[in-house]
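The residues making up each chain are set out below.
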Amino acid sequence: MPGAIYAEGLVKTFGDVRALDGVDLDVPEGTVLGLLGPNGAGKTTAVRVLTTLLRPDSGRAVVAGIDVLKDPDEVRRRIGLSGQFAAVDEYLTGRENLQMVGQLYQMRAKDAKVRAGELLERFNLADAADRTAKTYSGGMRRRLDLAAALVVSPPVMFMDEPTTGLDPRNRQGLWEVIKELVAGGTTLLLTTQYLEEADHLAHDICVVDRGKVIARGTSDQLKAQTGGERVEVVVHAPGMIADARGVLARYGIAGIGHGEVSVEEHTRKLTVPVAGGAKLLAEVIRDLDAVGVEIDDIGLRRPTLDDVFLSLTGHVAEREAEETGGSDGDSRPGGRGGRRVKEAAE
Ligand SMILES: Nc1ncnc2c1ncn2[C@@H]1O[C@H](COP(=O)(O)OP(=O)(O)O)[C@@H](O)[C@H]1O
Ligand SMILES: [Mg+2]
């Protein structure tokens, strides 16, 4: 049985650009899929197809049990969407925007008011709640847009780069809200440029690049494939390198052409790709100690998004700027009524 979000062979071209070049997805009900990829990978295009905003050239998609191409209206009733193309009403206050969404979805006025208050608090908008959205900075708009998408919890939710442009504190706040949403049974497809975010929130990750899924798996599987997680040890004296190498070799895992201990003689630094995290680090320290190797420095280096991309694609991911409090962010002011999927397919 296909999952809550299912896609098969999605292709979408814009002129010469193959924004989607045969994408397959299958997201089991109640889980989070992280669509991870650099700018221009095709993430937004995928979300737009799945949310009925854009017709693919070919392929098939089923969301919440409904065929996206055959019955887009019914799909729209069952999904929520937030992200780069959703927008808030400029001329309403933050609070009014959220209450209006609640009422659109037939919440009782009282409940909508309570929910709006909670969300404003959650996204650090309480102080600005009664100002018109027109006066909000890019980052504030973005947070309001996210809050609007969370007023009601639909069975299937799409979030397109929800935390791009947010500062760490607001990013954390959103992560909490997302976890609550998923704990409540919502299936979520989330796009992101941040491995850390996918790591934190997603059960499964699809890495996309140039319209294709180039890797998929859990975050641990991807990291192991990337060979990015490694232990780095600086030993106290050159004479200890050989013993340290012997210990580290026992922990080495084979990634893509990795698995051996590499040694930088002049800095007395040894590096080995591992899987197992901080717990493993404690074991390594104990074993080095047991053979009399003194350690000047030891650390676990986790793969960054750059490591993953470099390893998978041979090119480095670009990132957008973080929230600065000014006219940052990539929310698109001016769009109307996009807080849930309402636009017609192109
Ligand atoms: N409406 C459009 N017209 C022309 N090209 C587009 C359009 N939308 C997306 N593209 C192109 O398709 C590719 C994928 O874009 P997009 O899905 O927005 O990527 P992402 O969201 O991963 O950054 C990019 O090369 C982009 O320039
Ligand atoms: Mg995008």
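Nothing here was measured: the structure is a model prediction, and the numbers come from that model.

In this section: the sheet that holds strand S9 (residues 204–209). Note: strands within a sheet are paired through backbone hydrogen bonds, in either parallel or antiparallel orientation. Pairing in this open sheet of 6 strands is mixed, and the strands run S6-S7-S8-S3-S9-S10 from one edge to the other. A single partner strand is all that each edge strand has here, and the edge strands are strand S6 (79–82) and strand S10 (212–217). For this sheet, the mean angle separating the axes of adjacent strands, direction not counted, is 15°. With 5 bridges joining them, strand S7 (residues 156–160) and strand S8 (residues 187–192) adopt parallel strand pairing. By the bridge assignment for S8, Phe158 is matched with Leu189. Across the sheet, helix H5 (residues 138–149) touches S6 and S7, and the angle it forms with S6 is around 175°.

This structure, assessed with the given rule, holds 19 salt bridges. With a closest N to O distance of 4.0 Å, Glu232 and Lys269 form a salt bridge. With Glu232 in strand S11 (residues 230–235) and Lys269 in strand S13 (residues 269–273), the pair connects residues that are 37 residues apart, well separated along the chain. Judged by relative accessible area, Lys269 falls into the partly exposed class, the value being 26%.

Around ligand 1 lies a shell formed by Phe14, Val17, Ala19, Pro38, Asn39, Gly40, Ala41, Gly42, Lys43, Thr44 and Thr45. A distance of 2.8 Å separates an oxygen atom of ligand 1 from a polar side-chain atom of Lys43. One nitrogen or oxygen atom from the side chain of Thr45 is found 2.6 Å from an oxygen atom belonging to ligand 1. Look at ligand 1: alone it shows 550 Å² of surface, and the protein chains cover 62% of it. No other element matches helix H1 (residues 43–50), which puts 3 residues into the shell around ligand 1. When its residues are assigned to classes, the shell around ligand 1 shows 5 nonpolar, 5 polar and 1 charged.

Turning next to the packing of aromatic side chains. One pass over the structure, following the stated rule, counts 0 aromatic pairs. Note that Arg171 overlies the ring of Tyr194, its terminal NZ or CZ placed 4.2 Å from the centroid.

Before going further, it helps to examine the nonpolar core. Counting 42 residues, the largest nonpolar core has Leu98, Phe123, Leu150, Ile178 and Leu188 as its most contacted members. In this structure Phe123 touches Arg143, Leu146, Ala147, Leu150, Asn170, Leu174 and Val177, once residues within four positions along its chain are discounted. With 29 residues, the next largest nonpolar core counts Leu25, Val47, Leu50 and Ile66 among its residues.

Let us look at unusual backbone geometry. Residue Asn124 is not a glycine yet carries a positive backbone phi of 55°. Within the secondary structure, Asn124 sits in the loop between helix H4 (109–122) and H5. Positive phi outside glycine occurs at Arg210, with the angle close to 50°. One can find Arg210 in the loop between S9 and S10. The exposed category is assigned to Arg210, whose relative accessible area is 59%.

One open sheet accounts for 4 strands, arranged S12-S13-S11-S14; its pairing is antiparallel. Both edges of this open sheet fall to strand S12 (262–264) and strand S14 (295–301), since each of them pairs with a single strand only. Mean inter-strand twist for the sheet, computed between neighbouring axes without regard to direction, equals 15°. Bridge analysis of S12 against S13 gives 3 bridges, and the strand direction is antiparallel. In the strand pairing of S13, Ser262 is matched with Thr271. Sitting on the sheet, helix H9 (residues 241–249) touches S11, S12 and S13, and the angle it makes with S13 is about 10°.

Glancing now at the confidence of the model for the protein chain. Detail in the predicted coordinates should be disregarded across regions flagged by low pLDDT. On average, residues of the protein chain carry a pLDDT of 84, and 83% of them reach 70 or more. Predicted confidence is poor over residues 319–346, with pLDDT under 50, and the contacts of this stretch with residues over four places away or in other chains come to 87 contacts.

Residues of helix H3 (residues 94–104) that are buried include every one of Gly94, Asn97, Leu98, Gln99, Val101 and Gly102, and no others. In this fold, the buried residues of H3 make contact with H4 and H5.

This part takes up H4. For H4, spanning 14 residues, the distance from its first C-alpha to its last is 20 Å, which sits close to the expected 20 Å at 1.5 Å a residue. Taken together, the buried positions of H4 are Ala112, Ala116, Leu119 and Leu120. One side of H4 holds all its buried residues, which, seen down the axis, span an arc of 100°. Of the residues in H4, the exposed ones pointing more than 90 degrees away from the buried face are Lys110 and Glu121. Those residues of H4 hidden inside the fold are in contact with H3 and H5.

Rules used throughout
- Throughout this description, residue numbers start from 1 for each chain and increase along the sequence as written.
- Lettering of chains starts at A and numbering of ligands starts at 1, both following the order in which they are written.
- Given that this is a predicted model, residues contribute local features only at a pLDDT of at least 70 and side-chain atom pairs are listed and counted only at 80 or more, while totals for whole chains, interfaces and linings are drawn from all residues.
- Computation of side-chain values covers all heavy atoms of the structure but excludes hydrogens and water.
- If DSSP finds at least two bridges between two strands, the strands pair.
- Runs of E in the DSSP output that reach at least two residues are strands. Runs of H or I that reach at least four are helices, and both are numbered from the N terminus.
- Fitted lines through C-alpha atoms serve as axes, helices being fitted only where they are in contact, and the angles separating the N-to-C directions of these axes extend from 0 to 180 degrees.
- Pairs of residues are marked as contacts when any of their non-hydrogen atoms sit within 4.5 Å.
- Any Lys or Arg side-chain nitrogen located within 4 Å of an Asp or Glu carboxyl oxygen qualifies as a salt bridge.
- Three exposure classes are used, based on accessible area relative to the maximum for each residue type with a 1.4 Å probe and protein chains only: buried under 20%, partly exposed in between, and exposed over 50%.
- Being near a molecule or strand, for a residue, comes down to having at least one heavy atom within 4 Å of it.
- Counting of polar contacts relies on pairs of N or O atoms within 3.5 Å, with two restrictions inside protein: one atom must be capable of donating a hydrogen and the other of accepting it, and residues adjacent in sequence are counted only when both atoms are side-chain atoms.
- Surface accessibility follows the Shrake-Rupley procedure with a 1.4 Å probe radius. Residue values consider only the protein chains on display as shielding.
- Classification convention: Asp, Glu, Lys, Arg as charged; Ala, Val, Leu, Ile, Met, Phe, Trp, Tyr, Cys, Pro as nonpolar; all other residues, Gly among them, as polar.
- Pairing of aromatic side chains requires ring centres within 6.5 Å, counting the rings of Phe and Tyr and the six-membered ring of Trp. Pairs whose planes differ by under 30 degrees are stacked, by over 60 edge-to-face, and all others tilted.
- Consider the ring centre and the ring normal. A charge sits over the ring if Lys NZ or Arg CZ is within 6 Å of that centre and within 35 degrees of that normal.
- To qualify as a nonpolar core, a set must consist of buried Ala, Val, Leu, Ile, Met, Phe, Trp, Tyr and Cys residues joined through side-chain atoms within 4.5 Å.
- By definition, pLDDT measures how confident the predictor is in each residue, and it falls between 0 and 100.
- Multiplying 1.5 Å by the helix residue count minus one yields the expected span of that helix.
- Taken from the helix axis, the directions to the C-beta atoms give the arc we talk about.

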